[in-house]
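# An overview of the molecular structure
Each chain, written out:
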Amino acid sequence: MRQPWIHNAKTDGWFILSPPFFILLIIFFFQNQIQKLENQYSFYTWLFLIVFVDVAHVYSTLFKTYFVKEEIRRKKFLYYGIPVLSWALGLILYQFGSLTFWSVLALIAVFHFIRQQYGFTRIYARFEPDHWSKNIDEIAVYSATIFPMLYWFKTPRAFTWFVENEFGWLHQVPDYTPAITFLYFGILILWLSKTLYGIVKTKQVNIPKTAVIAGTYVSWYFGIVYFNNDLIFTFLNVVSHGIPYIALIYIREIKQKDATQLKGLSLFKSSFGILLFIFVILGFAFFEEFLWEILVWKEHVSLNLNVSINWFQFLIPLLVVPQLTHYLLDGFIWKNSKRGSGI
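Fair warning: this is a prediction, and the values are worked out from it, not measured in the lab. (Residues numbered from 1 in each chain as written. Predicted model: local features only at pLDDT ≥ 70, side-chain atom pairs only at ≥ 80, totals over all residues. Heavy atoms only, no water.)

## Examining the overall build of the protein
Rule in force here: For helices the rule is a DSSP run of H or I covering at least 4 residues; for strands it is a run of E covering at least 2, with both sets numbered from the N terminus onward. Each radius of gyration reported is based on C-alpha atoms, and the globular scaling rule is 2.2 Å times the count of residues to the power 0.38. Note on exposure labels: buried denotes an accessible area under 20% of the residue type's maximum, exposed denotes more than 50%, and partly exposed covers the range between, all computed with a 1.4 Å probe on protein chains only. Residue contacts are counted whenever heavy atoms from the two residues lie within 4.5 Å of one another. We get accessible surface area from the Shrake-Rupley algorithm with a probe of 1.4 Å; when it comes to residues, only the shown protein chains can shield them.
Per the secondary structure count, the protein includes 14 helices and zero strands. Listed N to C, the secondary structure of the protein is α-α-α-α-α-α-α-α-α-α-α-α-α-α in terms of helices and strands. Here the C-alpha atoms of the protein give a radius of gyration of 21 Å, agreeing with the 20 Å that 2.2 N^0.38 yields for 343 residues. Its C-alpha atoms give the protein principal-axis dimensions of roughly 65 × 55 × 40 Å. Evaluated residue by residue, the protein yields a buried proportion of 50% over its 343 residues. Long-range pairs, those at least 24 residues apart, make up 76% of the contacts in the protein with a sequence separation of at least 6. Surface exposure of the protein reaches about 17500 Å², of which carbon and sulfur atoms provide 67%.

The structure is reproduced here in structure tokens:
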């Protein structure tokens, strides 16, 4: 069968499909060393995972949106309105308290992460006809992501999405874990059976789609349910989400476009374009996180500015604007893509 690669087998394999499996192998073989990293080198793990991957992937969206003049011209209301809406929403939420603000933002982030996995599944299933097997694939992706989160909501974990006790208000819900565990493994068995049946019957397999769904099961189950470790969760969660997204942006918005389409961004298609692309998104990420550190968190950077806590109700929603804009915009910018939706 014709494999539905986004770019090619090598690029997709390394940067979109392999991250969850590669990280899990590292975790299993180097658990003791990972614990040492967490205890002794927290600054460097924060710098690499949070700043250079998680925050950087947010700014990679610029190359599909705000750096594209034609895109801005066609959708001015969307691209100018979403940041304003993001700040306004943040201001309103913060009036209900810091915990409410971060809890709602965490739920929006979770939805964004879930939809990315669904989106990659749709992209890699774009050559397949509508069929009941497609429905099972989509159900499997949602099961692979929603079950671990529901498990987290009810079972205290040693890690957070943003802040402590962000999902604490859900602990009062009656225990539903036995029921959802049964449903989760039932859907997993159904998906595996369907996939194996298709391979035996047709002697063909959609390699990238199968790898995406399997990788989703792997990263979310082991990152949230099986292991109860902050750094392991961050490794699997951040790398499995951020690296494929950055790769998708570069492939689709730069690599696969010609000079006439790129216009002002043609420099990023040159021989050193990928390095320039990485430098730009890392620069934005570092600057944003530097502001968070000196103004709010004050955990990793010694230079601190004394900002009154009374200003946090305006400052924190403002600093969150790039991230929340990324979450909200993603629901629009991939929606009408001919190669898939839901990233």
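Resuming the write-up.
## Quick notes on the packing of aromatic side chains
The criterion, for reference: A pair of Phe, Tyr and Trp rings is counted when the ring centres sit within 6.5 Å of each other, with Trp represented by its six-membered ring. The angle between the planes then sorts it: under 30 degrees is stacked, over 60 is edge-to-face, the rest tilted. A positively charged side chain is recorded as over a ring if its NZ (Lys) or CZ (Arg) lies within 6 Å of the ring centre. The angle to the ring normal must also be within 35 degrees.
In the structure shown here, the tally under the stated rule is 40 aromatic pairs. A ring pair is formed by Phe43 and Trp46, whose centres lie 5.6 Å apart and whose planes are at 40 degrees; its orientation type is tilted. Pair noted here: Phe43 and Trp46 are both in helix α4 (residues 42-60), with a separation of three residues, about one helical turn. According to the relative accessible area criterion, Trp46 is buried, its value standing at 12%. Here the aromatic residues Phe28, Phe147, Tyr151, Tyr184, Phe185, Trp191, Tyr217, Tyr221, Phe222, Tyr226 and Phe227 are joined through ring pairs into a cluster of three or more. Here the basic side chain of Lys64 rests over the ring of Trp334, its NZ or CZ set 4.4 Å away from the ring centre. Lying over the aromatic face of Phe127, Arg126 brings its terminal NZ or CZ to 4.6 Å of the ring centre.

## Some points on the packing of helix α8 (residues 132-154) against helix α10 (residues 207-226)
The condition that has to hold: A fitted line through C-alpha atoms represents every axis, and for helices the fit uses only the stretch in contact; the resulting angles, taken between N-to-C directions, go from 0 to 180 degrees. Working definition: roughly parallel below 35 degrees, roughly antiparallel above 145 degrees, roughly perpendicular at 65 to 115 degrees, and oblique for all remaining angles. Residue polarity follows a fixed list, in which Ala, Val, Leu, Ile, Met, Phe, Trp, Tyr, Cys and Pro are nonpolar, Asp, Glu, Lys and Arg are charged, and the others, Gly among them, are polar.
Look at α8 against α10: their axes get within 9 Å of each other, and the N-to-C directions meet at 10 degrees. Looking at the two axes, α8 sits roughly parallel to α10. When α8 is examined against α10, the residues Asp137, Ala140, Val141, Ser143, Ala144, Thr145, Phe147, Pro148, Met149, Tyr151 and Trp152 are found in contact with a partner set consisting of Lys209, Ile213, Thr216, Tyr217, Trp220, Tyr221, Ile224 and Val225. Looking at the contact of α8 with α10 residue by residue, the classes come out as 14 nonpolar, three polar and two charged.

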